[in-house]
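Below, each chain spelled out in residue letters.
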Protein chains: 2
Amino acid sequence: MNLKCMTIILAVAFACTFCHAQTSSGSINEDFRPSPLNQPGQEYPQVNSQGYARFRIFAPHSDSIRVSLGLGGQGGTRLSKGSDGFFTGTTAGPMDEGFHYYHLTIDGGVFNDPGALNFYGSTRWESGIEIPAKDQDFYALKAVPHGHVQQILFPSKSTNTSRRAFVYTPPGYGKSSRRYPVLYLQHGWGEDETAWSNQGRANLIMDNLIAEGKVKPFIIVMTYGMTNEVKWGSIRSFKIDEFQTVLTDELIPYIDNNFLTVANRENRAMAGLSMGGMETHSITLNKSDLFGYYALLSGGIFKPEELKDKAKPRLIFLSCGSKERPEGVLNAVSTLKEAGYHVVSYVSENTAHEFLTWRRSLRELAPLLFN
Amino acid sequence: MNLKCMTIILAVAFACTFCHAQTSSGSINEDFRPSPLNQPGQEYPQVNSQGYARFRIFAPHSDSIRVSLGLGGQGGTRLSKGSDGFFTGTTAGPMDEGFHYYHLTIDGGVFNDPGALNFYGSTRWESGIEIPAKDQDFYALKAVPHGHVQQILFPSKSTNTSRRAFVYTPPGYGKSSRRYPVLYLQHGWGEDETAWSNQGRANLIMDNLIAEGKVKPFIIVMTYGMTNEVKWGSIRSFKIDEFQTVLTDELIPYIDNNFLTVANRENRAMAGLSMGGMETHSITLNKSDLFGYYALLSGGIFKPEELKDKAKPRLIFLSCGSKERPEGVLNAVSTLKEAGYHVVSYVSENTAHEFLTWRRSLRELAPLLFN
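What counts as what
- Residues numbered from 1 in each chain as written.
- Chains lettered and ligands numbered in written order.
- Predicted model: local features only at pLDDT ≥ 70, side-chain atom pairs only at ≥ 80, totals over all residues.
- Heavy atoms only, no water.
- Least-squares fit on C-alpha atoms with pLDDT ≥ 70 in both.
- Helix = DSSP H or I, 4+ residues; strand = E, 2+ residues; numbered from the N terminus.
- Buried < 20%, exposed > 50% of the residue type's maximum accessible area, 1.4 Å probe, protein only.
- Polar contact = N/O pair within 3.5 Å; in protein donor to acceptor, adjacent residues only side chain to side chain.
- Salt bridge = Lys/Arg side-chain N within 4 Å of Asp/Glu carboxyl O.
- 1 Å grid on protein atoms, 1.4 Å probe; cavity = no way out; pocket = protein on both sides within 12 Å on 5 of 7 lines; lining within 4 Å.
- Points joined across faces, edges and corners; volume = space filled by probe spheres on them.
- Nonpolar A, V, L, I, M, F, W, Y, C, P; charged D, E, K, R; others polar.
- Pairing = 2+ DSSP bridges.
- Right-handed = clockwise from strand over helix to strand, strands pointing away.

1. Re the relation of the copies chain A and chain B
Part 1 of the reasoning: Here chain A sits on chain B after a turn of 180 degrees about the axis and a move of 0.0 Å along it, with an RMSD of 0.0 Å. Both copies of the chain, as the preceding transformation shows, are related through a two-fold rotation axis. If distances are taken from each C-alpha of chain A to the rotation axis, the shortest is found for A:Gln150, at 1.9 Å.

Here it is, written out as structure tokens:
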């Protein structure tokens, strides 16, 4: 890549803030239920079986509330005020399946929906809503053995602080001296180290895959990619050096020193979504001796000429949503295969630059790692 | 106790929603800085060296914003609207040091401050603000070895789900076969299993105490006390049985099976704040064979007659804030000492039914445990 690809990534990401399924027509099924991501006991927002979302906000003396989710070009969904002081409204069409960030604009000010849980995206904690996907079983909380997600604070001399990361350890970790491979997994622009567990449900995806015997258990490490000081308009100014130092000189040694890892290239992978893919691209190329597996999830491509003087990756995984112009990924795969690389691609059906694409990408990627 | 004590606890808790330091007079120092609990990059809310809090909210077409923090009886702090669309305002007096929950009332609707991080309290995610305390060093993030905080999902047959808990493991945990004692630490009404790490900073308090050699390292387990279905007015209807089953029949065995614990009474403690103290009181009395150390933080008292037919606790710890009528705690300590129990009390100076009281209580309690 890299700048051209990132520009495309970001353009797609921005456009898809307002993406929705294109099947709006006919009647709306009145089988609305609370979103699975509501705060405890909260009835709204709700979602129906078609994927419509309905909102309800108590604001008795406000004049106008708009929800940022809805149809592109129409500025989201305007709510109507009732005589009981509640604003209510339903999206004009079904939403794409999966997770969406949103916020309210109340008389011109931006606030979160008091009914919904918050998720870190767009460099702030935003409301989240979940449109249950037909394949939601793979990221559901089920009665299987569960791994743990640990918050660690690792020392970082280069930034003169203790930095936070989350570490997924698979079920049974630590009960014996068994050692595990490690995937370093990065969030996207505007997000942080909480994203892959909260929005991404990475731990539940792994628990389920492991219970089904589909993956060789591994550790996942998720830390902040230091991406959020970058504005949308100035993405070209992002320099990888600072984060690369934190990741490769500070975090990886801490993990290898404090967890039961197999500390070599063949047992270390890096993946990232969107801008985290850009980081993965840069760091794996700069440090090809450290990582054996590279994965870009809606995060650009590799070109054979970028790889040719490096240690050869054991796997390159490229994915995106079907609404993200997958031709770029598919063309890159052809070129890389011709050049002799082991490449796997995945296109998530009917999803855009959003977390269902990345949950599914992790589901597809995990069984391919460390074999 | 128990019902009478809980009524007092809850009455105090409710009254202290509007507590503030009583020294308001004279001029306001214009040395306001962003609260340490703001969202990344957010300038407001701010706090000055005297403990005044200042708020600033963009809401160009709203008519009225009130912040729930401020003077009792005056309904918090009313903000004034400027011609730039920002509402601003400062509390009428200095706030108590430490952590406070708050929210905004915007034209009659309740929302969070977009500038602040959210914390789970009052059965919802609320805005939080931190007035730096003079003794803030003990709960600060410092360059010391840090323990980890693990999210676990443990199977619960009695509630037919996987339940979440957080487990603090001290620095160096798992690097050898060393086994540790365990403190089960409960949140208060309206809170959940995130409270002791987020609002309470329990992990940092422990990291700092361990670095100073002041405590024998131990594990802390924090889970949801199932308290939030209880309304303020119907607290008497709370039954301990369901939570006791989860804690003693499901969580404790899971912890002893999955962590390096010393699984006996002499190495197991239970503590709780406010309604978590009520739970601790009930469960330690019902299961005195399981716990050797009992601690109630702003959470009532024990009476000698309640303890007399039970396995004798190795320590009873009772604490509260100086603004919480500490006479009850101090009288109970005298009575218990006369009856031959090992009792330690602690009164946090100039704090009410809020988290600085409980952070300090943990600091005082931890060195007394497992000796």
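2. Observations regarding the side chain of B:Ser348
Residues and elements named next belong to chain B.
Part 1 of the reasoning: Among the secondary structure elements, serine 348 is positioned in strand β20 (residues 343-348).
Part 2 of the reasoning: Under the relative-accessibility criterion, serine 348 is labelled buried at 0%.
Part 3 of the reasoning: Reaching out from serine 348, the side chain makes a polar contact with the side chain of threonine 351 at a distance of 2.6 Å.
Part 4 of the reasoning: Side chain to side chain, serine 348 and arginine 360 meet in a polar contact 2.9 Å long.

3. As for the pattern of salt bridges
Residues and elements named next belong to chain A.
Part 1 of the reasoning: This structure, assessed with the given rule, holds 29 salt bridges over all chains.
Part 2 of the reasoning: Of the charged contacts in the structure, one is a salt bridge between glutamate 130 and arginine 359, with a shortest N-O distance of 2.6 Å. Placement of the pair is glutamate 130 in strand β12 (residues 124-131) and arginine 359 in helix α8 (residues 355-365), with a sequence separation of 229 residues. For the pair glutamate 130 and arginine 359, a shared accessibility class is recorded, and that class is buried.
Part 3 of the reasoning: By sharing partners, the salt bridges in this structure join Glu97, Lys134, Asp135, Arg360, Arg363 and Glu364 into a single network.

4. Side note on empty space enclosed by the protein
Part 1 of the reasoning: By the definition in use, this model includes two cavities of 30 Å³ or more.
Part 2 of the reasoning: In this structure, the largest cavity occupies an estimated 50 Å³ of space.
Part 3 of the reasoning: Considering the residues around the largest cavity, the lining is formed by A:Gln39, A:Asn112, A:Asp113, A:Pro114, A:Ala116, A:Asn118, B:Phe111, B:Asn112, B:Asn118, B:Arg124 and B:Trp125.
Part 4 of the reasoning: For the lining of the largest cavity, the class distribution of residues is four nonpolar, five polar and two charged.
Part 5 of the reasoning: Empty space within the second largest cavity amounts to approximately 40 Å³.
Part 6 of the reasoning: A:Phe111, A:Asn112, A:Arg124, B:Gln39, B:Asn112, B:Asp113, B:Pro114, B:Ala116 and B:Asn118 together form the lining of the second largest cavity.
Part 7 of the reasoning: For the lining of the second largest cavity, the class distribution of residues is three nonpolar, four polar and two charged.

5. Focus: the pairing of strand β20 (residues 343-348) of chain A
Residue and element names in this part refer to chain A.
Part 1 of the reasoning: Of the pairings in the sheet, the one linking strand β19 (residues 315-321) to β20 comprises six bridges and is parallel in character. Paired with leucine 318 across the two strands is serine 345, which belongs to β20.
Part 2 of the reasoning: Handedness of the crossover joining β19 and β20 through helix α7 (residues 327-338) is recorded here as right-handed.

6. Here we look at the pairing of strand β18 (residues 293-297) of chain B
All names here are of chain B.
Part 1 of the reasoning: Counting buried positions over the five residues of β18 gives five, a clear majority of the element.
Part 2 of the reasoning: Side chains of β18 alternate between two faces, with Tyr293, Ala295 and Leu297 and Tyr294 and Leu296 buried alike.
Part 3 of the reasoning: In this region the chain leaves strand β17 (residues 268-273), passes through helix α5 (residues 275-286) and returns to the parallel neighbour β18; the handedness of that crossover is right-handed.
Part 4 of the reasoning: As paired elements, β18 and strand β19 (residues 315-321) share five bridges and run parallel to each other. Among the inter-strand pairings, leucine 297 is bridged to a residue of β19, identified as serine 319.

7. As for the sheet that holds strand β3 (residues 53-58) of chain A
All names here are of chain A.
Part 1 of the reasoning: Taken in spatial order, the five strands make up an open sheet running β1-β2-β3-β7-β6, and their pairing is antiparallel. Strands with a single pairing partner mark the edges of an open sheet, and in this sheet they are β1 (33-34) and β6 (80-81).
Part 2 of the reasoning: Here β1 runs beside strand β2 (residues 46-47); their pairing, made up of two bridges, is antiparallel. Bridging from a neighbouring strand, proline 34 pairs with glutamine 46 of β2.

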